[in-house]
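# Notes for the structure review
The primary structure of each chain is shown beneath.
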Amino acid sequence: MIVKTNGGLSVISAFVDGIGSAISLDLPMYTTVIESDSDKIGDQKILETLEIIRNKYSINKKYSVEIKSQIPQSVGLKSSSAMTLSLLYAILRLNRIYLKEDELLRSAAEISLKNKTSITGALDDISMCYYGGLTVTDNFDFRLIRRIKIENTPVIIAYPKFYHRSTYDMKDIDFKKYKKYIQKLELLLNSKYVYETMVLNGYLFGSLFGYDPEIINYFLGSGAIFSGISGKGPAVFAIYEDNEDRDNAASKFSYQNYNIIKSRINNDGINIIYQ
Ligand SMILES: Nc1ncnc2c1ncn2[C@@H]1O[C@H](COP(=O)(O)OP(=O)(O)OP(=O)(O)O)[C@@H](O)[C@H]1O
Ligand SMILES: O=C(O)C1=C[C@@H](O)[C@@H](O)[C@H](O)C1
């Protein structure tokens, strides 16, 4: 079975009060899961996740798992949520276990706590990978608040070539002191100012974890209507009004330490592309 899902961007990071929001990008991850005589899994975190799923659902089978992905890892573009959800989705389907949507999403969030790829369970990111478009969730309460479709706006993503961080390393930071600021962002998002909220969210988390104003400055000067850090970064997003502006900005981008990806916002949820 091959499952396709996408990466995305943070709109509100849920670390402060559990309210989180994410938006889906054309950034596919293909996860191939096949029953096998023995486990054939190249990556320790995937194996750990598989073990958690097998224990949770009393499954005794072995699997070969292969991930092909355009989502850069560990830069704030939701690769771990895409991996955890895809693997759970495929294993449940292969075993003909059908959960209600809210149960499936909650289960994926619980697994992403257990496999230590998230701090809050990242239900916002998992729901975004599942539904596409924009999601808003209460991660502390494992509850989807709302989801909406978003226009397929052109985007550029830039991320440093040599960088490594782990989400789990951040679990001891005192995020609660930013509550008043984050509550204002929640109000802004309720009023549908999605990109404004993203920028201001990145302003807080970028200032905490370090960001590169020069890259943001380049994008704003190249015709972007918004640019900022995706959540805790270090990936930077730039939103364009049309493909021409985006493509011009991408072709003139000359920062040697960064990779860039041309993408767009999408509304594509998870799907099985090969049974
Ligand atoms: N392209 C890939 N190939 C193989 N495994 C992958 C790939 N992308 C993600 N994974 C799996 O997902 C795990 C978590 O990914 P990653 O470390 O990027 O998550 P993250 O730090 O939460 O990233 P993000 O900030 O994008 O959410 C990896 O350890 C790996 O097991
Ligand atoms: O680890 C987590 O729980 C999270 C990680 C980031 O993607 C955040 O954007 C998200 O809201 C929560």
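Residues numbered from 1 in each chain as written. Chains lettered and ligands numbered in written order. Predicted model: local features only at pLDDT ≥ 70, side-chain atom pairs only at ≥ 80, totals over all residues. Heavy atoms only, no water.

### Focus on the pairing of strand β9 (residues 236–239)
- Across the two faces of β9 the burial is the same, with V236 and A238 and F237 and I239 all buried.
- Sheet topology note: the strand β7 (residues 154–160)/β9 ladder contains four bridges and is antiparallel. Bridge pairing in β9 places I157 opposite F237.
- Pairing of strand β8 (residues 226–229) with β9 involves four bridges; the strand directions are antiparallel. Residue pairing in the sheet places S227 in a bridge with A238 of β9.
- In this antiparallel pair of consecutive strands, β8 and β9, the connection spans six residues, and G231 shows a positive phi of 55°. (Buried < 20%, exposed > 50% of the residue type's maximum accessible area, 1.4 Å probe, protein only. Helix = DSSP H or I, 4+ residues; strand = E, 2+ residues; numbered from the N terminus. Pairing = 2+ DSSP bridges.)

### Some details on helix α5 (residues 179–190)
- For α5, built from twelve residues, the straight-helix expectation of 16 Å at 1.5 Å per residue is met to within 8% by its first-to-last C-alpha distance of 16 Å.
- The set of residues buried in α5 consists of I182, L185, E186 and L189. Viewed end-on, α5 has its buried residues packed into an arc of 105°, placing them on one side of the element. Residues of α5 that are exposed and point more than 90 degrees away from the buried face comprise K180 and K184. (Expected span 1.5 Å × (residues − 1). Arc of directions from axis to C-beta.)

### Let's talk about the environment of Q275
- Checked against the element boundaries, Q275 lands in the segment after β11 (271–274).
- With 242 residues separating them in the primary sequence, Q275 and V33 have C-alpha atoms 10.0 Å apart.

### Focus: the site of ligand 2
- Every one of the 15 residues lining ligand 2 counts as a neighbour, but A14, I119, T120, D124 and D125 are closest to it.
- Contacts to ligand 2 include I119, whose backbone N or O atom sits 2.8 Å from an oxygen atom.
- Within the side chain of D125, a nitrogen or oxygen atom sits 2.7 Å from an oxygen atom of ligand 2.
- In isolation ligand 2 offers 310 Å² of accessible surface; the protein chains occlude 96% of this area.
- A class-by-class count of the residues in the shell around ligand 2 yields five nonpolar, six polar and four charged. (Near = heavy atom within 4 Å. Polar contact = N/O pair within 3.5 Å; in protein donor to acceptor, adjacent residues only side chain to side chain. Areas by Shrake-Rupley, 256 points an atom, 1.4 Å probe, with all protein chains shown as cover. Nonpolar A, V, L, I, M, F, W, Y, C, P; charged D, E, K, R; others polar.)

### A word on the UniProt feature "domain: GHMP kinase C-terminal" (unreviewed entry) in the protein chain
- In this numbering, the UniProt entry assigns the feature "domain: GHMP kinase C-terminal" (unreviewed entry) to residues 213–256.
- The span residues 213–256 carries 43% helix and 18% strand; its end-to-end C-alpha distance comes to 16 Å. (UniProt positions renumbered as here; feature names shortened; annotations may be inferred.)

### Quick look at the site of ligand 1
- Neighbouring residues of ligand 1: 19 residues in total, closest D43, S74, G76, S79 and S80.
- Side-chain polar atom of S80 to an oxygen atom of ligand 1: 2.5 Å apart, as the coordinates give it.
- Expressed as a share of its isolated accessible area of 630 Å², the protein-covered part of ligand 1 is 85%.
- Elements with a minimum of two residues in the shell around ligand 1: α1 (44–56), β4 (62–69) and α2 (79–94).
- Per-class residue counts for the shell around ligand 1 are six nonpolar, eight polar and five charged.
- Formed jointly, the shell around ligand 1 draws a minimum of three residues from each of two domains, domain 1 (2–150) and domain 2 (154–264). (Domains from an automatic or database assignment.)

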